[in-house]
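# Observations on chain architecture
Spelled out from the first residue to the last, the chains are:
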Amino acid sequence: MGRGLRVKGTGGARILVTGMSGAGKSSLLRELASRGITTVDTDYGDYVDADGRWNDERVRALLDAHRSIVVSGTVENQGDYYDRFDHVVLLSAPLAVLLARVAARTDNPYGQTGEDRDEIRRHVAEVEPLLRRGADVELDGTQPLTDLADAVERLLRSGSAEVRDAVFPRDLSSVSALLEDYLVQTEREKADHGLAAPSDELPARYAREVDDPASAFRGVRVMLASVAGTDCGIIVTAAIPGGSEIKRFWTTPPARGRGAGAALLDAALAAAPPPVRLSVWEWRTPAIELYRRRGFEVVAPADAWDSRPGILCLRRG
């Protein structure tokens, strides 16, 4: 993509709903389908091979064919496809609720035996934490079905985020404000983790990029995301020898869960020569999981380019 990029969301998203047996995935998909939303339960239709893993050809073809779809499933290799989804939703419920639901349902025999119920207990203890780590949204499966469907519908509409290249001086105020928000929050988190002294003032080293980002980022690609006409996210990508580096990435808290971050990252990755690297504070779990879903991997400490305490270095490609 060249300069002058402007990408408008299609008004849809690919969403994976995952969770334990009895969480309510099938009921949620039926409610969504009744609203005219395209849904696929991968427990049916030969999407799962005999080894319990998704069939690569069928699942990729499904996602290629639909820009707006809600897919459900819980399989061993689902993480291999997280980069194809805009959102991964964990539908969860207390163990007692799960066991009561599977015992009472009549459309699925799983959960009727003691062996099945022991397996559910084991999966809640061992598998659900892994699902939670990979999800960017968690919904309480004990809430009313209509409320859950409303929440997923809102995620489907999150594809309306618009991404563009920042142009100065037109975008000066938005870029400055977003960078300042990002840096203030970063310094606050560093202080909370004992890595910086608490302060109401930004360190002087950040003054130039906040006050004069056009100069500070000359020759560097700056992209903005907006939702409903409001600028709410920024990503800064620089060319480095042999690839690219993401220098800044931030979305405002009200914009999170609306697709702005994913849209920004996807646009930056499409434009940046690979491999692409970045560094992130280890406590920023939602960001790290988004990076993982887009194919980033943590590099070994010996290969890290940033040795500050609390920093993880990730690379893609």
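Thresholds applied
Residues numbered from 1 in each chain as written. Predicted model: local features only at pLDDT ≥ 70, side-chain atom pairs only at ≥ 80, totals over all residues. Heavy atoms only, no water. Pairing = 2+ DSSP bridges. Helix = DSSP H or I, 4+ residues; strand = E, 2+ residues; numbered from the N terminus. Axes fitted to C-alpha atoms, helices over the stretch in contact; angles between N-to-C directions. Contact = heavy atoms within 4.5 Å. Phe/Tyr/Trp six-rings, centres within 6.5 Å; stacked < 30°, edge-to-face > 60°. Buried < 20%, exposed > 50% of the residue type's maximum accessible area, 1.4 Å probe, protein only. Lys NZ or Arg CZ within 6 Å of the ring centre and 35° of its normal. Parallel < 35°, antiparallel > 145°, perpendicular 65-115°, else oblique. Left-handed = near helix turned anticlockwise from the far one by under 90°. Nonpolar A, V, L, I, M, F, W, Y, C, P; charged D, E, K, R; others polar. Core = buried A, V, L, I, M, F, W, Y, C linked by side-chain atoms within 4.5 Å. Right-handed = clockwise from strand over helix to strand, strands pointing away. Polar contact = N/O pair within 3.5 Å; in protein donor to acceptor, adjacent residues only side chain to side chain. Expected span 1.5 Å × (residues − 1). Arc of directions from axis to C-beta.

## Thoughts on the sheet that holds strand 3 (residues 39–41)
- Strands sit in the order 3-4-2-5-6 across an open sheet of five strands; the sheet is parallel. Bordering the open sheet on either side are strand 3 and strand 6 (137–140), each of which pairs with just one other strand. Taking each pair of neighbouring strands and ignoring which way they run, the sheet shows an average axis angle of 20°.
- Packed on one face of the sheet, helix 6 (residues 145–156) meets strand 2 (14–18), strand 4 (69–72), strand 5 (87–92) and strand 6 and runs near 160° to strand 6.

## Quick word on the packing of aromatic side chains
- Summed over the entire model, instances satisfying the criterion amount to five aromatic pairs.
- Here the aromatic rings of Trp54 and Tyr81 are separated by 5.5 Å at their centres, their planes lie at 75°, and the arrangement is edge-to-face. Highlighted residues: Trp54 in the loop between strand 3 and helix 2 (56–65) and Tyr81 in the loop between strand 4 and strand 5, separated in sequence by 27 residues.
- According to the relative accessible area criterion, Trp54 is buried, its value standing at 3%.
- Taken together, a centroid distance of 6.2 Å and an interplanar angle of 65° make the contact between Tyr182 and Trp250 edge-to-face. You can see Tyr182 sitting in helix 7 (residues 172–192) and its partner Trp250 sitting in strand 10 (residues 243–251), a full 68 residues away along the chain.
- Classification of Trp250 by relative accessible area gives buried; the value is 10%.
- Its end group placed over the ring of Tyr47, Arg58 keeps NZ or CZ at 4.8 Å from the ring centre.

## Side note on the packing of helix 3 (residues 95–104) against helix 4 (residues 114–126)
- Following both chains from N to C, one finds helix 3 and helix 4 inclined at 150°, their axes separated by 11 Å at the closest point. Judged by the angle between their axes, helix 3 and helix 4 are roughly antiparallel. Between helix 3 and helix 4 the crossing geometry is right-handed. Contact residues: Leu95, Leu98, Leu99 and Val102 in helix 3; Arg117, Ile120, Arg121 and Val124 in helix 4.
- Split into classes, the residues belonging to the contact of helix 3 with helix 4 amount to six nonpolar, no polar and two charged.

## Quick notes on the nonpolar core
- Counting 43 residues, the largest nonpolar core has Ile15, Leu28, Trp54, Val70, Val71, Phe85 and Leu139 as its most contacted members.
- No other element matches the six residues that helix 6 contributes to this core.
- When residues no more than four places from it in sequence are discounted, the contact partners of Val70 are Ile15, Val17, Leu29, Leu32, Ile37, Thr38, Thr39, Val40, Val152 and Leu156.
- One finds Leu265, Ala267, Leu290 and Leu314 within the second-largest nonpolar core, a separate group that totals 26 residues.

## Here we look at the pairing of strand 4
- The side-chain alternation of strand 4 yields two buried faces, one formed by Ile69 and Val71 and the other by Val70 and Ser72.
- Pairing of strand 2 with strand 4 involves four bridges; the strand directions are parallel. Bridging from a neighbouring strand, Leu16 pairs with Val71 of strand 4.
- The β-α-β motif built from strand 3, the intervening helix 2 and the parallel element strand 4 has right-handed crossover chirality.

## A look at the side chain of Asp41
- Inspection of the secondary structure puts Asp41 in strand 3.
- Among the polar contacts made by the side chain of Asp41, one reaches the main-chain amide nitrogen of Asp43 at a distance of 2.9 Å.
- Of note is the side chain of Asp41, whose polar atom sits 3.3 Å from the side chain of Ser72.

## Quick look at the environment of Leu290
- Checked against the element boundaries, Leu290 lands in helix 11 (residues 285–293).
- We classify Leu290 as buried; its relative accessible area is 10%.
- Taking the C-alpha atoms as reference points, Leu290 and Ala272, separated by 18 residues in sequence, lie 17 Å from one another.
- Ignoring sequence-local partners within four residues, the contact set of Leu290 consists of Phe249, Gly261, Ala262 and Leu265.

## Quick notes on the packing of helix 1 (residues 25–34) against helix 6
- The geometry of helix 1 relative to helix 6 is characterised by a closest axis approach of 9 Å and an angle of 70° between their N-to-C directions. When the axis of helix 1 is compared with that of helix 6, the two are roughly perpendicular. You can see that helix 1 and helix 6 cross each other, and the crossing is right-handed. Within the contact between the two elements, helix 1 uses Ser27, Leu28, Glu31 and Leu32 and helix 6 uses Leu145, Thr146, Leu148, Ala149, Val152 and Glu153.
- Per-class residue counts for the contact of helix 1 with helix 6 are six nonpolar, two polar and two charged.

## Remarks on helix 4
- Over its 13 residues, helix 4 extends 18 Å from the first C-alpha to the last, a length consistent with the 18 Å expected when each residue adds 1.5 Å.
- For helix 4, the complete set of buried residues consists of Asp116, Ile120 and Val124. Take helix 4 and look down its axis: the buried residues cluster within an arc of 80°, on one side only. Among the exposed residues of helix 4, those oriented more than 90 degrees off its buried face are Glu115, Ala125 and Glu126.
- In this fold, the buried residues of helix 4 make contact with helix 3 and helix 5 (128–134).

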